[in-house]
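Structural overview
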Amino acid sequence: MIRRIGRRELIGGGAAAASLLVLPGKAPAQGGAKPLAGVNLNVSCWSAAYPKYLADYIPEFEKQTGAKVTYDTPSFPVYNQRMDVELSTGGSTYDVINVTFIYSGRWIGAGWVTPLDDFIKNPKKTPADWGGDDFLEGVAGQLRDKQGRLCGIPWIADIFMAGTTHNEIVQKLGGMPDTLDGLEAMLKKAGKMPEMAGFIAENHYGWTFISFLMSYGGMVFRNPPDDLTPVLDTPEAIAAADYYGNLLRTYGPDGVLSYVYDQVVQMLKQGKALYSTNNQMFLVQMAGKDSKVAETCGFSMFPAGPKGRRPQVATHGWGIPAGSKQKDAAWEFIKWAMSKQMTERMFKEKNYSSVARRSVIEGPDFKKALTLNGFDVGKMYVDTIELAGKGYMKYRTVPVYPQVDREIDAAIQAIVSQQKSAKEAMQTAQANSLEQLKRAGVKL
Amino acid sequence: MAAGSLSTGWEAHRGRAFALGLAPALVVLAVTTLVPAIYLIVTSLTPLNPVNPGTAFDFSRPWGNYVSALTDARFLHSLWVQAQLSVVTVMMQLLVGLGLALLLDLPSRLIGALRTGFLLPMVLPPIVVAVIWKVLFTPDVSPLHHTLAAIGLPVHSLITSGGTALWAIAFADSWEWFPFTMLMLLAALQMVPREPIEAATIDGAGSLQMFWYVRLPYIRQALVVTAIFRLIDSIKAFPLIYILTDGGPARATEVTNYFAFVQTFNFSYWGYGSAIATLMVAGALILSLVVSRLGTDHGVVEH
């Protein structure tokens, strides 16, 4: 029997979900026959919480289907490099792979990953109630090819949002800010607080800054993936960098540039910073059992900038390499791993909440578990994913983004450490990005 | 004559036997050191990028990576950062190591115990050293920052300021490696013969004169060798930078080694990274030759 879980337990597990997991549903055995007897499936994903959790359930799949699964979870960079070579050479070593978010544009665009619509829509391969259209389009859309075919089934969705450690203070200052202007005004009003910084963010600015950049009307590339000309030196981008740099420099803790994500999470859980814009999977840890601010934390969607609200959303999905010689068996694995039942089990048994199935997210259990101190984080989650469905996340699926990402890091560092003005820093980032893209062979 | 031929034949035979005996070791050495080095150089002549496997055999622009490097402002900047870090750390380590070696060059059990204690930083795994300094340099949790603040001397984060980050790295690196220079120079000091020291003492030489005219000439070679070791090692600086600053802020601590790492493993420019690594090896060799020449040109005082 599956026990019900409380929201605190969910959050605790959600902490572990600093990656993710998926619990497979119980695939029905067919007439006692083992449909995949003798089949050896090679499955690979980068090392995160989700694939680690999934490993616990794979024996069930093997028992039900007769297949033998060789399961491999190397580190993120090793996985990506290995898979990139494998896919680019049309290899058939793997049958089921993770379609990595930052490589999805390249892998899907080049036709290296099999479109899954023929499997999903074929009643002989997939029952109608499996729910291929149950996945939130804001994440699923990022795994579609140009023809709109789904090339990966999303097993994670993580969103960028906002949180406070002390909602009682924020309420006195006017409540959770809905705009970036409001955020600055609130922090100014809060002033210097003893033992508490006003704002904290992880020092991966190629991720944490982009929501600000886009909410100011800026972009990373002109029109990704078709036009990869960087546009980091536009007036909007410079204004966003100036705003964000000032936020970190004025309201961040001493040494803010050195804060990696786990330090940020610890700062928040100890109540040493008032406010943060961050990943949902990190922010909800403030409501965990081991947090000093569990009873006082609060949440909101990412504040809107002068040109709208553009919170970031990331996803990864299961896919089948074009070179796989066992596509039907591979689909059986994906169908099992991403079934409604498995998603439910993953949520209930592993406390994994970064799911992409609407039916689970909109269920009463999910809503209850993700209603934290009266804040409906579940709704923020869905609303944010729907916003991202507008397509502004395309920049991140560009293979050369890591190079530009590092230039953005350097620009924000230069601004915060006052080595350069926002204008100079973003112009340098633009020039360096152009050089990097040229080296990577990108035609601009 | 016949005896000479016999002797020569025997010598040749012995030479062949030695060569044969050494061959397996030489083969292993070649496979483990020369082959990777040659592969590095070969790779540096290609635009190898694992994303495009065909680039592994593209020798159409063999000097392309080198030309790119010499016109790459980031690479040239990394050289400048590297030069500053190397000079400062080697100098600091030599000075601190020499000072402590002079203090410890005394027969005493207490000093023996101190000597052992001083070795601690050097025997710690580099990543542990980096974590120690990460804590010490993070104001929020640092006992160092808290103490300074408590006595009215608050100091802002040293590793996130463009003006101090490199020096913070240099300080931590010197803390880690001064025991090495201390040990080397202490060993050299203990080899200095007693007679000239006694003679100088009788002649009324002061401490500074004793050091400058008697001890220093004897340890000059050891100083040079130690400097070369540390110089080469400083070029390999990595864990401290990786943990403390990630090459920032805004590349203020991006030394050449770290630059090569980023190019190779973050951006997958393996060919370019190999070219940078090859240039670094060449630079280290040239520097070593120059430094060793500086040490031997003046020669050691003959007694």
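Everything numeric in this text was worked out from a predicted model, so none of it was measured.

1. Focus: the overall build of chain A
Summing up its helical and strand segments, chain A has 20 helices and twelve strands in all. On C-alpha atoms alone, chain A measures out to a radius of gyration of 22 Å, which is about the 22 Å that the 2.2 N^0.38 rule sets for 444 residues. Projecting the C-alpha coordinates of chain A onto the three principal axes gives extents of approximately 70 × 55 × 30 Å. Taking all 444 residues of chain A together, the buried fraction comes to 57%.

2. Focus on the interface of chain B and chain A
Contacts between the two partners involve 22 residues from chain B, matched on the other side by 23 residues from chain A. Here the side of chain B that touches chain A is composed, by residue class, of eleven nonpolar, nine polar and two charged.

3. Let's talk about the packing of helix H11 (residues 235-251) of chain A against helix H20 (residues 422-439) of chain A
Residue and element names in this part refer to chain A. Interaxial distance between H11 and H20 falls to 9 Å at its minimum, and their mutual angle equals 120°. It follows that H11 is oblique to H20 by the angle criterion. Between H11 and H20 lies a crossing of right-handed hand. Residue-level contacts link Ala237, Ile238, Ala241, Asp242 and Gly245 of H11 to Ala422, Lys423, Ala425 and Met426 of H20. Taken together, the residues of the contact of H11 with H20 break down into six nonpolar, one polar and two charged.

4. Some points on unusual backbone geometry
In this structure, Pro225 of chain A follows Pro224 of chain A across a cis peptide bond, with omega equal to 0°. Structurally, Pro225 of chain A can be placed in the loop between strand E6 (221-223) and strand E7 (227-230). Residues Gly248 of chain B and Pro249 of chain B are joined by a peptide bond in cis, for which omega reads -5°. Secondary-structure assignment places Pro249 of chain B in the loop between helix H11 (239-244) and helix H12 (256-266). For Arg251 of chain B, which is not glycine, the phi dihedral falls at a positive 70°. With respect to the element layout, Arg251 of chain B can be found in the loop between H11 and H12.

About the thresholds
Residues numbered from 1 in each chain as written. Chains lettered and ligands numbered in written order. Predicted model: local features only at pLDDT ≥ 70, side-chain atom pairs only at ≥ 80, totals over all residues. Helix = DSSP H or I, 4+ residues; strand = E, 2+ residues; numbered from the N terminus. Rg over C-alpha atoms; globule rule 2.2 N^0.38 Å. Buried ≥ 20, exposed ≤ 12 C-beta atoms within 10 Å, placed from the backbone. Contact = placed C-beta atoms within 7 Å. Nonpolar A, V, L, I, M, F, W, Y, C, P; charged D, E, K, R; others polar. Axes fitted to C-alpha atoms, helices over the stretch in contact; angles between N-to-C directions. Parallel < 35°, antiparallel > 145°, perpendicular 65-115°, else oblique. Left-handed = near helix turned anticlockwise from the far one by under 90°.

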